[in-house]
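Working through the structure, step by step
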Amino acid sequence: MEFACTHVVCNWEPDEAGVSLIRPEYDNKAGAKQQEGPSPPPLPPRHLRKSRPTSLPLPPLDSCQLPLIPLSFPPPVPPRSDKLEGESRLKANVNIVSLSVGKLVNISQNSGMETFQSPVICGKCSAALSCLSSIQKDVWTCEFCGCQNSVDAGLSTVCVGQRAGVHSDDLYLPNMSEDDYQNLEDAVVVFCVDISGSMSVTTEVTSGSGSSVHISRLEGIQDALQRALTSILQQTPRRRVALVTFNDEVVIYGDGTSTPLTLRDWALVDYDYIWQQAMAYRIPHCIAETSQQLIKRVKELREHGATSLGPAALASVAIASRYPGSKVILCTDGKANIGLGEMEETPSFSSPHQTPYFYRQLALQAVAKGVIISVMTFKGTDCCLADIGRLADATGGRVNIVTLGDVATQIQSVSKDNVLATGVTATLLAPDGIYFPYEDENNHNLVREIGNVTKGLEITFQFAVKPHFIEVFHQRGTLPFQLQLSFKTRDQQRVTRIITEQRPVATSSQILVCTLNMAVLGVHCAQLSASLTMQGRVQEAQKQLRAQQDLLKQLSSLRPIQKEESIYGNWMETMTTICDDITTESQTLSDEAAEVVYQMKRASSISKNYYKTIAEIQKKKREQKRKATMEAM
């Protein structure tokens, strides 16, 4: 767990003044202006409660930590009224915790960790016994909810005594039989390819010899698929690969060695029938045995007809669902206009209730089966990406708009075997009195179903303190936090990882510049504002963006802005532009904007690809405004 601030700031509240930043010199202000007019009366002299021997030096003060109040000093003097004039107080909540889930589920990198069979759980809040727990006469009083639990003396020695301290990280591996495990090479990659009439549209490209040629979208996909098949054959020859195509009918080729299965007419609107037929279609051979047959099938594809995208996606997920950790790569250039999932004329992002029920249901089913769906569309097309992109967003896949020049690279990238865990659930526990804005404002425990996890996945949580608990937490001094991460590894081994630590409580709403982790704050703002935008809560997203931009602005007045922090600022500018366009122009989300928003929802502090995307979007926006200005003249 990584926190945005070294301390828990207790007195942040939504729609309140927020917190202010101070320099490490403790000048108790941030860019304050001198108040005009008569000065207030001088402050009364301060007296020590108890004299201190002059031979004993004062303990050194760490400039990056909040000062502890020695017993020999009175409480800090409140800021004077003349110092508050012009002070910039922020509305950004700095109580953020980030989880690098991609690292946490990769237990192969933690082979030296001690493992246990099962945790001791609180009967009320489900917190686990940890290094922070206190046991008196075989009774554990839960540090999160106060419930008293009877604990065996032997267990208390194992769970507490051996790991004393303020931080613990434990793995729990239950006993499993041989039948519970799965061969890692059983996972399937299903290429689900659009061959409708619009795939015949040509684009001018530069050939290898340097001359200009026109190739169709289908020809570009055929070349990309052949390269991807060759790459998979070289890197993971025991992996299974299947092919599904769609126009006004869906054809399941499987691994290319069996008779294709065709679904048409009434079958395209029967959810259960499609699922059963596709589930029954076997993929018995690995690509080492079927690469030539698959390449031949790809070369024979011809474009014509409508776009039965929904039925094809359903059939592809059904094929992949036999093996957790499998992938579906969906390539299309137009809206679904026949069968299940037929699109409306306008994108439906503005209200989650208007999103086609079919895509929500299919996404949930894919998550339950451990299937990752990635969606690729062509630049310059309108595919209602805000809707079909939810398949990728929910399952941990990618959303990309490609060109004929980079489609091969993108397909090879998403088809790589990078699934680390499936069925991932994260539970964050905090003391009673904590709540989670925008998620669960009633409970001090938050459960988030993550589903499939690939390398680099990072998620963030925002928390706050209920007003009537502020004084209680100040008296406690520190607060416990616990992460319970449950998941299945690629070989279907069940694992629970529990991380527990405590954080000090800030005794003032003023926090130090050097106590902030801008990477955590920037990633959280990108993820939250993107999520709110896709839910149609654009004004709330704009509020979050303004708060984060105010924070960066005040930081820049106190210290130099680092390169990474300026990148997070660019993220905020991009999301602000998208939100402004929605509220002032079309009230809809274009495919280009949807691609960026979905990528922002999966932003991470180690991401590199977002930088290029942001620069391209900003350049495109400038060009569009310049053209609009020229046309107006």
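Residues numbered from 1 in each chain as written. Predicted model: local features only at pLDDT ≥ 70, side-chain atom pairs only at ≥ 80, totals over all residues. Heavy atoms only, no water.

1. Quick look at helix H13 (residues 538-558)
In an α-helix, one full turn covers 3.6 residues, which means residues spaced three or four apart are oriented alike. Here is the rule we go by: Segments assigned H or I by DSSP are reported as helices when at least four residues long, segments assigned E as strands when at least two residues long, and all are numbered from the N terminus. Multiplying one less than the number of residues by 1.5 Å gives the expected span of a helix. A 1.4 Å probe rolled over the protein chains alone gives each residue an accessible area, and that area as a share of the maximum for its type sets the label: buried under 20%, exposed over 50%, partly exposed in between.
Taking 1.5 Å of rise per residue, 21 residues should cover 30 Å, and H13 covers 31 Å from first to last C-alpha, within 8% of that figure. All of the buried residues along H13 are Val538, Ala541, Gln542, Gln544, Leu545, Ala547, Gln548, Leu551, Leu552, Gln554, Leu555 and Leu558.

2. Some details on the packing of aromatic side chains
Here is the rule: Note on aromatic contacts: the rings of Phe and Tyr and the six-membered ring of Trp form a pair at centre separations within 6.5 Å, being stacked when their planes are under 30 degrees apart, edge-to-face when over 60 apart, and tilted otherwise.
Evaluation of the coordinates by the stated rule reveals eight aromatic pairs. Ring centres of Tyr271 and Phe358 lie 5.9 Å apart, and the angle between their planes is 75°; on these two criteria the pair is classed as edge-to-face. One end of the pair, Tyr271, is in helix H5 (residues 271-280); the other, Phe358, is in helix H8 (residues 357-368), and 87 residues separate them in sequence. Comparing Tyr271 with Phe358, the two get one shared label, buried. Centre to centre, the rings of Phe469 and Phe473 are 5.8 Å apart; their planes meet at 40°, and the pair counts as tilted.

3. Some details on the sheet that holds strand S4 (residues 115-116)
Formally: Strands are labelled as partners when DSSP assigns at least two bridges between them.
Ordered by their spatial adjacency, six strands build an open sheet running S4-S8-S24-S23-S18-S20, and the pairing between neighbours is mixed. Taken across any chain shown, the strands that pair with only one partner, and hence form the sheet edges, are S4 and strand S20 (445-454). Bridging between strand S23 (residues 478-489) and strand S24 (residues 494-504) involves 11 bridges; their strand directions are antiparallel. When the sheet's bridge partners are listed, Ser486 is paired in S24 with Thr496.

4. Remarks on the confidence of the model for the protein chain
The cut-off we apply is this: Here pLDDT means the predictor's own confidence in every residue, given as a number from 0 to 100. Any two residues having at least one pair of non-hydrogen atoms within 4.5 Å are treated as being in contact.
Taken as a whole, the protein chain shows an average pLDDT of 80; of its residues, 75% reach a score of 70 or greater. Residue range residues 47-73 is modelled with pLDDT below 50. Its contacts to residues more than four positions away, or to other chains, number 34 contacts. Segment residues 346-355 is flagged for pLDDT under 50; beyond a separation of four residues in sequence, or across chains, it makes 26 contacts in the model.

5. A short note on unusual backbone geometry
Even without being glycine, Asp265 reaches a positive phi, approximately 55°. Inspection of the secondary structure assignment puts Asp265 in the loop between strand S14 (261-263) and H5.

6. Some words on the packing of helix H12 (residues 518-534) against helix H15 (residues 591-601)
For clarity, the threshold we go by: Interaxial angle, 0 to 180 degrees, is taken between N-to-C directions of lines fitted to C-alpha atoms, where a helix line uses only the stretch in contact. The labels follow the angle: roughly parallel below 35 degrees, roughly antiparallel above 145, roughly perpendicular from 65 to 115, and oblique for the rest. Whether a crossing is left-handed or right-handed is set by the direction in which the near helix is turned from the far one by less than a right angle, anticlockwise for left-handed and clockwise for right-handed.
With their axes 7 Å apart at the nearest point, H12 and H15 run at an angle of 135° to one another. It follows from the interaxial angle that H12 and H15 lie oblique. The way H12 lies across H15 gives a crossing that is left-handed. Contact residues: Ala526, Gln527, Ala530, Ser531 and Met534 in H12; Val597, Tyr598, Met600 and Lys601 in H15.

7. Concerning the pairing of strand S10 (residues 202-206)
Here S10 runs beside strand S11 (residues 212-216); their pairing, made up of five bridges, is antiparallel. Of the residues in S11, the one forming a bridge with Glu204 is His214. Between S10 and S11, which follow one another and run antiparallel, lie five residues, and Gly210 among them has a positive phi close to 100°.

8. A short note on the side chain of Thr500
Using the following cut-off: Pairs of N or O atoms are called polar contacts if they sit within 3.5 Å, as long as, within protein, a hydrogen donor faces a hydrogen acceptor (for residues adjacent in sequence, only side-chain-to-side-chain pairs).
Within the element layout of this structure, Thr500 appears in strand S24. Engagement of the side chain of Thr500 in a polar contact is seen with the side chain of Gln482, the distance being 2.9 Å. Not counting the four nearest positions on each side in its chain, Thr500 is found in contact with Ser130, Leu132, Val166, His167, Ser168, Phe481 and Gln482.

9. Remarks on the sheet that holds strand S6 (residues 139-141)
Spatial ordering of the open sheet is given by S5-S6-S7, a layout of three strands whose pairing is antiparallel. Because the sheet does not close on itself, it has two edges, and the strands there are strand S5 (135-136) and strand S7 (148-150). Inspection of the sheet shows S5 paired to S6 by two bridges, in the antiparallel sense. Residue pairing across strands places Gln136 opposite Val139, the latter belonging to S6.

10. Considering the side chain of Asn149
On the secondary structure map, Asn149 appears in strand S7. Within the structure, Asn149 has its side chain in polar contact with the backbone oxygen of Cys147 (distance 3.1 Å). Not counting chain neighbours up to four residues away, the residues in contact with Asn149 comprise Ile121, Cys122, Gly123, Asp138, Val139, Trp140 and Cys142.

11. Concerning empty space enclosed by the protein
Rules: Grid points spaced at 1 Å over the protein atoms alone were grouped into cavities, where a 1.4 Å probe fits but cannot get out, and pockets, open sets with protein on both sides within 12 Å along at least five of seven lines, with lining residues defined by an atom within 4 Å of a point. Grid points are joined across faces, edges and corners, and a volume is the space filled by probe spheres set on the points. Classification convention: Asp, Glu, Lys, Arg as charged; Ala, Val, Leu, Ile, Met, Phe, Trp, Tyr, Cys, Pro as nonpolar; all other residues, Gly among them, as polar.
Tallied over the full model, the rule gives four cavities of 30 Å³ or more. Within this model, the largest cavity holds a volume of roughly 70 Å³. Taken together, Ala92, Asn93, Ile96, Gln462, Leu521, His524, Cys525, Gln544, Ala547 and Gln548 form the lining of the largest cavity. In terms of residue class, the lining of the largest cavity is built from five nonpolar, five polar and no charged. Volume-wise, the second largest cavity comes out at about 40 Å³. In terms of lining residues, the second largest cavity is bounded by Phe191, Leu225, Leu229, Val241, Ala242, Leu243, Leu294 and Val298. Counting residues per element, the ones that place at least two in the lining of the second largest cavity are helix H4 (217-235), strand S12 (240-246) and helix H6 (287-299).

12. Re the pattern of salt bridges
The condition that has to hold: Throughout this description, the term salt bridge denotes a Lys or Arg side-chain nitrogen within 4 Å of a carboxyl oxygen of Asp or Glu.
The final tally for this structure, using the stated rule, is nine salt bridges. With its nearest N and O atoms 2.5 Å apart, the salt bridge here joins Arg448 to Glu439. Overall, Glu439 belongs to the partly exposed group, its relative accessible area being 38%. For Arg503, the salt bridge goes to Glu501, with nearest N and O atoms at 2.9 Å. In terms of burial, Arg503 and Glu501 fall into one category: buried.

13. Points about the packing of H5 against helix H7 (residues 309-320)
Where H5 meets H7, the closest approach of the two axes is 8 Å, and the angle between their N-to-C directions is 40°. Comparing their axes, H7 and H5 come out oblique. Handedness of the H5/H7 crossing: right-handed. Facing H5, whose interface residues are Tyr271, Ile274, Trp275, Ala278 and Met279, H7 presents Pro311, Leu314, Ala315, Val317, Ala318 and Ile319. Class assignment for the residues of the contact of H5 with H7 results in 11 nonpolar, no polar and no charged.

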